[in-house]
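# Structure assessment
Listed below are the residues making up each chain.
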Amino acid sequence: MKLNKPKHNLFRNGGYAVEGFIDIVKNETSFKWQLLMLTVMGTLSWNLPIEFAYSAILFISLFIPVFAEVINSAIERVVDLVTQDYHILAKQAKDVGATIVLLSLIVTSLIWLSVLALAFKIV
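The text that follows walks through the structure, step by step, so that each part is easy to find. (Residues numbered from 1 in each chain as written. Predicted model: local features only at pLDDT ≥ 70, side-chain atom pairs only at ≥ 80, totals over all residues. Heavy atoms only, no water.)

## Here's the deal with the overall build of the protein
Here is the rule: Here a helix means four or more residues in a row that DSSP labels H or I, a strand means two or more in a row labelled E, and each is numbered from the N terminus. The globule rule used here is 2.2 Å times the number of residues to the 0.38 power, and the radius of gyration it is set against is calculated over C-alpha atoms. Relative accessibility under 20% of the residue-type maximum defines a buried residue, over 50% an exposed one, and the middle range a partly exposed one, all with a 1.4 Å probe and only protein chains included. Contacts were defined at the residue level, with two residues in contact if any of their heavy atoms lie within 4.5 Å. Note that accessible areas follow from Shrake-Rupley with a 1.4 Å probe, and for residues the cover is restricted to the protein chains shown. For the charge count, each Lys or Arg is scored as positive and each Asp or Glu as negative, with His and the chain ends excluded. A charge is said to be at NZ when it belongs to Lys, at CZ for Arg, at CG for Asp and at CD for Glu.
When you go through the protein residue by residue, the secondary structure sums to 5 helices and 0 strands. Starting at the N terminus and ending at the C terminus, the protein contains elements arranged as α-α-α-α-α. Since a compact globule built from 123 residues should have a radius of gyration of about 14 Å, the 18 Å found for the protein marks it as more spread out than a globular shape. A principal-axis box enclosing the C-alpha atoms of the protein has dimensions of 60 × 40 × 30 Å. The burial tally for the protein puts 24% of its 123 residues in the buried class. Considering only residue pairs separated by 6 or more positions, the protein has 66% of its internal contacts joining residues 24 or more positions apart. With the model as given, the accessible surface of the protein reaches about 8900 Å², and the carbon-plus-sulfur share is 71%. Averaging the coordinates of the 10 positive side-chain charges in the protein and doing the same for the 9 negative ones gives two points 10 Å apart.

Set out below in C-alpha cells:
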C-alpha cells in the first residue's frame, strides 16, 4: 500500500517550517504577542545581575508559551478546515488549545518566580 505522501528532504522540510513560521507571524496576533514577550523578557533575562545558568533557564523557558501558541494555532486551523459552523466539539477543541497557552504561561511564570527566588537567595 502506497501512502499519499510526497518525498521530503531536510531542505524541503526546513522550507515548510519557514513557510509555517511566516504564515503564523502574518496571521496570528497572539503569536506576535508571544514573540514580543520572548524578545522583551529574553532581553531582561540576559541583563539581570544573575549567573549565566539562571539567565539561560529563564530565557529557554520563554519558548514554552511560543510552542503552545503554535500548537493552539494548528488546532484552530484544523477545526476551521473541518467546519466553519458552530459546533460544540469545535468550540471545545479551540478552548483546549487556549488552555494549553494559559497553562504554558502559568508554568513559565512559576519557572521565573522559582529561578529568581533562587538567584536572589530569597528562599
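## Topic: the packing of helix α1 (residues 10–27) against helix α4 (residues 63–82)
What counts is decided by this rule: Inter-axis angles, ranging from 0 to 180 degrees, are taken between N-to-C directions of lines fitted to C-alpha atoms, where helices are fitted over the stretch in contact. Put simply, angles under 35 degrees are roughly parallel, angles over 145 are roughly antiparallel, angles from 65 to 115 are roughly perpendicular, and the rest are oblique. Here the nonpolar group is Ala, Val, Leu, Ile, Met, Phe, Trp, Tyr, Cys and Pro; Asp, Glu, Lys and Arg are the charged ones; every other residue, Gly included, is treated as polar.
Relative orientation of the contacting elements α1 and α4 amounts to 85 degrees, with a least axis distance of 12 Å. Relative to α4, the element α1 lies roughly perpendicular. Together, D23, I24 and N27 of α1 and E69, V70, S73 and R77 of α4 make up the contact between the two elements. Residues of the contact of α1 with α4, tallied by class, amount to 2 nonpolar, 2 polar and 3 charged.

## Regarding the environment of G42
Considering the arrangement of structural elements, one finds G42 in helix α2 (residues 29–47). Taking the relative accessible area as the measure of exposure, G42 reaches 3% and is therefore buried. Spatially, the C-alpha atoms of G42 and L62 are 7.2 Å apart, while their sequence positions differ by 20 residues. Beyond its immediate stretch of four places on either side in the chain, G42 contacts M37, F59 and L62.

## A short note on a nonpolar patch on the surface
Formally: Here the term patch refers to residues with relative accessible area over 30% and no salt bridge, with like charges joined within 9 Å and nonpolar side chains (Val, Leu, Ile, Met, Phe, Trp, Tyr) within 5 Å. Each reported salt bridge corresponds to a side-chain nitrogen of Lys or Arg within 4 Å of a carboxyl oxygen of Asp or Glu.
Side chains of L102, L103, I106, L110 and L113 sit close together on the surface and give an oily, nonpolar patch of about 500 Å² of accessible area. For I106, a relative accessible area of 42% gives the class partly exposed.

## Remarks on the nonpolar core
Note the cut-off: Throughout this description, the term nonpolar core refers to a set of buried Ala, Val, Leu, Ile, Met, Phe, Trp, Tyr and Cys residues connected via side-chain atoms within 4.5 Å.
Grouped together as the largest cluster of nonpolar side chains are 11 residues: I24, F31, L38, L48, I50, L58, L62, V66, W112, V115 and A119. Where this core is concerned, the elements lending two or more residues are α2 and α5 (88–119). Among the elements that make up this core, the one with the highest residue count is α5 (3 residues).

Read these as layout, nothing more, since geometry by itself doesn't imply function.
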